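# Close look at the chain arrangement
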Amino acid sequence: FDFKGLKIRELTPENLMSASVAEIEVPPGAMHQTARSTKCDKIYICFEGTVVFRIENKNLVLLPRDVLHIRKKEWFSYHNESKETARLILIHIPPFDMECEEFRD
């Protein structure tokens, strides 16, 4: 499905109850607005392209094979400044719950 320009594909195995897994395609110029989860830790794994994350007040560039842990309640955003599509794997622990996501403009 499409989430504000990001293409998200659910990958969670049916029997996995402790986490959820998704692939995120981040086209050039796309961004994830500032958000946080009140329930889930997030683990991002970059496997293609370059994505710039902002966590609280710090910037971090994710390159292929980089892994990033974002703790629940930490504000973050990310964007793709490059001319190539980036791909991320996102793991939520415990499983993703949209009701527990908060967004800033």
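Everything numeric in this text was worked out from a predicted model, so none of it was measured.

Our focus in this paragraph is the pairing of strand β7 (residues 58–62). Pairing of strand β6 (residues 51–55) with β7 involves five bridges; the strand directions are antiparallel. When the bridges of β7 are listed, V52 appears paired with V61. What sits between the antiparallel neighbours β6 and β7 is a turn of two residues, in which E56 has the positive phi angle 55°.

Attention now goes to the side chain of H32. Mapped onto the secondary structure, H32 falls in strand β4 (residues 31–37). Apart from the residues within four sequence positions on either side, H32 is in contact with F3, L6, F76, S77, Y78 and F103.

So, how was this worked out
- Within every chain, residues take consecutive numbers counted from 1 along the sequence as written.
- Only residues with pLDDT of at least 70 get local features here, since the model is predicted, and only at 80 or more are side-chain atom pairs given and counted; chain-wide, interface and lining totals rely on the full set of residues.
- The side-chain numbers reported here are obtained from all heavy atoms of the structure, hydrogens and water having been left aside.
- Note on pairing: DSSP must find at least two bridges between two strands before they are called paired.
- In this text, helices come from DSSP runs of H or I with a minimum length of four residues, and strands from runs of E with a minimum of two, each type numbered from the N-terminal end.
- Contact criterion: two residues are considered in contact whenever any of their non-hydrogen atoms come within 4.5 Å of each other.

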